[in-house]
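Understanding the architecture of this molecule
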Amino acid sequence: DTGVSQDPRHKITKRGQNVTFRCDPISEHNRLYWYRQTLGQGPEFLTYFQNEAQLEKSRLLSDRFSAERPKGSFSTLEIQRTEQGDSAMYLCASSLGVGRGYEQYFGPGTRLTVT
Amino acid sequence: AQRVTQPEKLLSVFKGAPVELKCNYSYSGSPELFWYVQYSRQRLQLLLRHISRESIKGFTADLNKGETSFHLKKPFAQEEDSAMYYCALSLPSGTYKYIFGTGTRLKVLA
């Protein structure tokens, strides 16, 4: 499967713990996005990387959240001191090009449950 | 602010009936719109993008700038069309991030 992959697929953690998620985009894609989806809502944008540079962060991304994309390949999203409100599906997407018409390809998501 | 509205959370139709999933957007510029579909236990996948004006799996969608709509249509629904459908607006500058609607669950009844 050469699509976007995410690991782990499910994570259950206790409030206050730190968690880290990984996303491996399609290999030639230079654009990488993180979204968060809660029950009954569409995905909401969190952050964007072009190659290794993080170019935009949503105000949804509090200072407990940090994302990296070293060497412009895989990306990690870390949540420190998790709260119950962090429970959601975290989606990663990648895209090939710059400009109109380049769709995003989504991974299967990581479902986080904070107890 | 940019926004995408899908007014129906659930749409149930009988097999063979026409389907229309509504999507309205608010954006002052020239929008780029997509429909994504999520089948049970699968990832989000692209169904249609307005810029290519194609028909996929019998679905079509036309951008109506006057009504700021991008409704998804299919003349004859099939049971395998049952899924969650999301309309997404891509902001055509900078990041090209998506703004999604809340989605519509389509159930096609036998």
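Preceding this section is the structure that the text describes.
An account of the accompanying structure is given in this report. (Residues numbered from 1 in each chain as written. Chains lettered and ligands numbered in written order. Predicted model: local features only at pLDDT ≥ 70, side-chain atom pairs only at ≥ 80, totals over all residues. Heavy atoms only, no water.)

1. Side note on the nonpolar core
Convention followed: In these notes, a set of buried Ala, Val, Leu, Ile, Met, Phe, Trp, Tyr and Cys residues joined through side-chain atoms within 4.5 Å is what counts as a nonpolar core. Residue exposure (1.4 Å probe, protein chains only): buried if accessible area is under 20% of the type maximum, exposed if over 50%, otherwise partly exposed. Only DSSP runs of H or I covering at least 4 residues are called helices, and only runs of E covering at least 2 are called strands; the numbering of each starts at the N terminus.
Ranked by size, the top nonpolar core spans 26 residues in total, and within it Trp35, Leu47, Leu72 and Tyr85 of chain B carry the most contacts. Among the secondary structure elements, those contributing two or more residues to this core are β2 (10-14), β3 (19-21), β5 (32-38), β6 (45-49), β9 (83-90) and β11 (104-109) of chain B. Per-element tally for this core: the top contributor is β9 of chain B, with 4 residues. If you look at the next biggest cluster of nonpolar residues, it comprises 19 residues, including Val19, Leu46, Phe65 and Cys92 of chain A.

2. Let's talk about the sheet that holds β3 of chain B
Residue and element names in this part refer to chain B. Rule in force here: Paired strands, in this sense, are two strands between which DSSP finds at least two bridges.
Pairing is antiparallel in the open sheet, where 3 strands are placed in the order β3-β8-β7. Lying at the two open borders of the sheet, with one neighbouring strand each, are β3 and β7 (60-61). Where β3 lies against strand β8 (residues 72-74), 3 bridges are found, and the strand directions are antiparallel. Looking across to β8, one finds that Glu20 is bridged to Lys73.

3. Overview of the environment of Pro108 of chain A
Counted only if it meets this: Contact definition: two residues touch when any of their heavy atoms are within 4.5 Å.
Relative to the assigned elements, Pro108 of chain A resides in the loop between β10 (105-106) and β11 (110-114). Sequence separation of Pro108 of chain A and Gln6 of chain A is 102 residues, and the distance between their C-alpha atoms is 6.5 Å. Residues contacting Pro108 of chain A, with those up to four places away along its chain left out, are Val4, Ser5, Gln6, Arg9, Met89 and Leu91 of chain A together with Arg43 of chain B.

4. A word on the layout of surface pockets
Filter applied, for reference: A cavity, in this analysis, means grid points on a 1 Å lattice covering only the protein atoms where a 1.4 Å probe fits yet has no way out; a pocket is instead an open set bounded by protein on both sides within 12 Å along at least five of seven lines, and a residue lines either one if it has an atom within 4 Å of a point. Grid points are joined across faces, edges and corners, and a volume is the space filled by probe spheres set on the points. Under the grouping applied here, Gly and all other residues not named as nonpolar or charged are polar, the nonpolar ones being Ala, Val, Leu, Ile, Met, Phe, Trp, Tyr, Cys and Pro and the charged ones Asp, Glu, Lys and Arg.
Here the largest pocket defines a volume of roughly 820 Å³. Along the wall of the largest pocket there are 32 residues; nearest its centre are Gln37, Met89 and Arg111 of chain A together with Gln38 and Arg105 of chain B. Sorting the residues of the lining of the largest pocket by element identifies β9 (88-95) and β11 of chain A together with β9 and β11 of chain B as the ones contributing at least two each. When its residues are assigned to classes, the lining of the largest pocket shows 11 nonpolar, 14 polar and 7 charged. Put simply, the second largest pocket is a space of about 690 Å³.

5. Some points on the packing of aromatic side chains
Just so we agree on the cut-off: When the centres of two rings from Phe, Tyr and Trp lie within 6.5 Å, Trp using its six-membered ring, the rings pair. Their planes under 30 degrees apart give stacked, over 60 give edge-to-face, and anything left gives tilted. Distance and angle both matter: a charge sits over a ring if NZ of Lys or CZ of Arg is within 6 Å of the ring centre and within 35 degrees of the ring normal.
Under the counting rule described, the total for this entry stands at 16 aromatic pairs over all chains. Centre to centre, the rings of Tyr33 of chain A and Tyr48 of chain A are 4.9 Å apart; their planes meet at 35°, and the pair counts as tilted. You can see Tyr33 of chain A sitting in strand β4 (residues 31-37) and its partner Tyr48 of chain A sitting in strand β5 (residues 44-50), a full 15 residues away along the chain. Here the two residues Tyr33 of chain A and Tyr48 of chain A agree in accessibility, since each one is buried. With 6.1 Å between their ring centres and 75° between their planes, Tyr35 of chain A and Phe45 of chain A make a pair best called edge-to-face. With Tyr35 of chain A in strand β4 and Phe45 of chain A in strand β5, the pair connects residues that are 10 residues apart, well separated along the chain. For the pair formed by Tyr35 of chain A and Phe45 of chain A, the shared burial category is buried. Through a chain of ring-to-ring contacts, the aromatic side chains of Tyr33, Tyr35, Phe45, Tyr48 and Phe106 of chain A together with Phe34, Tyr36, Tyr86, Tyr98 and Phe100 of chain B assemble into a single cluster. One cation-aromatic arrangement involves Arg22 of chain A over Phe74 of chain A; the distance from NZ or CZ to the ring centre is 3.9 Å.

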